[in-house]
Amino acid sequence: LANAGGQVIVSTALSDSGDVVLRVRDTGQGLNDSELAAALEPFGASPPPERTPDHSGMSLSLAKALVEANRARFQIKSAPHSGTLIEVTFARIAARA
């Protein structure tokens, strides 16, 4: 999540192929590759408390599982000091159902 004074931006788009894309971007600290991999592991270790004081990283594996259970695609990009971008893509066929 974004730190005090940061931003969280939520947007939607329709891809060229008709998929619905939900994007959530924040200007927070971001995670390095190993922290991100750990946060995406079910029941895995979350980033150290000094990196995420509210332990928000622990919910990434649950969010990913819920997205995939609803036949959508979950993608996340994050880097230290660059924030995080999460994209949830609902296939055109699934979006109609």
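Up top is the structure.
For clarity, every value in this text was computed on a predicted model and none was experimentally measured.

A.B. asks: Mind showing me how you'd approach the overall build of the protein here?
C.D. replies: In terms of regular secondary structure, the protein is built from three helices and four strands. Reading the helices (α) and strands (β) of the protein from amino to carboxyl end gives β-β-α-α-β-β-α. Taken over 97 residues, the protein has a buried fraction of 28%. Residue pairs in contact within the protein that sit at least 24 positions apart in sequence constitute 45% of those at least 6 positions apart.

A.B. asks: Explain the sheet that holds strand β2 (residues 20–26) to me, please; I cannot follow it from the model alone.
C.D. replies: Strand pairing in a sheet relies on backbone hydrogen bonds, with the paired strands running either antiparallel or parallel. Pairing is antiparallel in the open sheet, where four strands are placed in the order β1-β2-β4-β3. At either end of the open sheet lies a strand with only one pairing partner, and these are β1 (8–14) and β3 (72–79). Averaged over all neighbouring strand pairs, the angle between strand axes comes to 15°, with direction disregarded. Here seven bridges tie β2 to strand β4 (residues 83–90), and the two strands are oriented antiparallel to one another. What sits directly across from Asp 26, in β4, is Thr 84. Strands β3 and β4 of the sheet are contacted by helix α2 (residues 60–69), whose axis makes an angle of about 150° with β3.

A.B. asks: Would you mind showing me how to read the environment of Ser 17 here?
C.D. replies: As for its placement among the helices and strands, Ser 17 is situated in the loop between β1 and β2. According to the relative accessible area criterion, Ser 17 is partly exposed, its value standing at 46%. Here Ser 15 takes part through its side chain, which lies 3.1 Å from a polar atom of the side chain of Ser 17. A polar side-chain atom of Ser 17 sits 3.4 Å from a polar atom in the side chain of Asp 19.

A.B. asks: Please explain unusual backbone geometry as it appears in this structure.
C.D. replies: Peptide bonds are, in most cases, trans, and in most cases residues other than glycine have a negative phi. Of note in this structure, Arg 71 is not a glycine but carries a positive phi near 55°. You can call Arg 71 exposed: its relative accessible area is 60%. Unlike most non-glycine residues, His 81 shows phi in positive territory, near 65°. Summarising the element assignment, His 81 is placed in the loop between β3 and β4. Judged by its relative accessible area of 74%, His 81 falls in the exposed class.

A.B. asks: Hey, could you run me through a nonpolar patch on the surface in this one?
C.D. replies: On the surface, Val 8, Val 10 and Leu 22 cluster together to form a nonpolar patch covering roughly 240 Å² of accessible area. Mapped onto the secondary structure, Val 8 falls in strand β1. Judged by its relative accessible area of 47%, Val 8 is partly exposed.

A.B. asks: What should I look at first to understand the side chain of Asp 26 in this one?
C.D. replies: Following the sequence through the fold, Asp 26 ends up in strand β2. No salt bridge forms around the buried Asp 26; measuring N to O, its nearest opposite-charge neighbour Arg 25 is 7.0 Å away. A polar side-chain atom of Asp 26 sits 2.8 Å from the main-chain amide nitrogen of Gly 28.

Parameters and conventions
- Residues numbered from 1 in each chain as written.
- Predicted model: local features only at pLDDT ≥ 70, side-chain atom pairs only at ≥ 80, totals over all residues.
- Heavy atoms only, no water.
- Helix = DSSP H or I, 4+ residues; strand = E, 2+ residues; numbered from the N terminus.
- Buried < 20%, exposed > 50% of the residue type's maximum accessible area, 1.4 Å probe, protein only.
- Contact = heavy atoms within 4.5 Å.
- Pairing = 2+ DSSP bridges.
- Axes fitted to C-alpha atoms, helices over the stretch in contact; angles between N-to-C directions.
- Polar contact = N/O pair within 3.5 Å; in protein donor to acceptor, adjacent residues only side chain to side chain.
- Patch = residues over 30% accessible without salt bridge, like charges linked within 9 Å, V, L, I, M, F, W, Y side chains within 5 Å.
- Areas by Shrake-Rupley, 256 points an atom, 1.4 Å probe, with all protein chains shown as cover.
- Salt bridge = Lys/Arg side-chain N within 4 Å of Asp/Glu carboxyl O.
- Lys, Arg positive; Asp, Glu negative; His and termini not counted.

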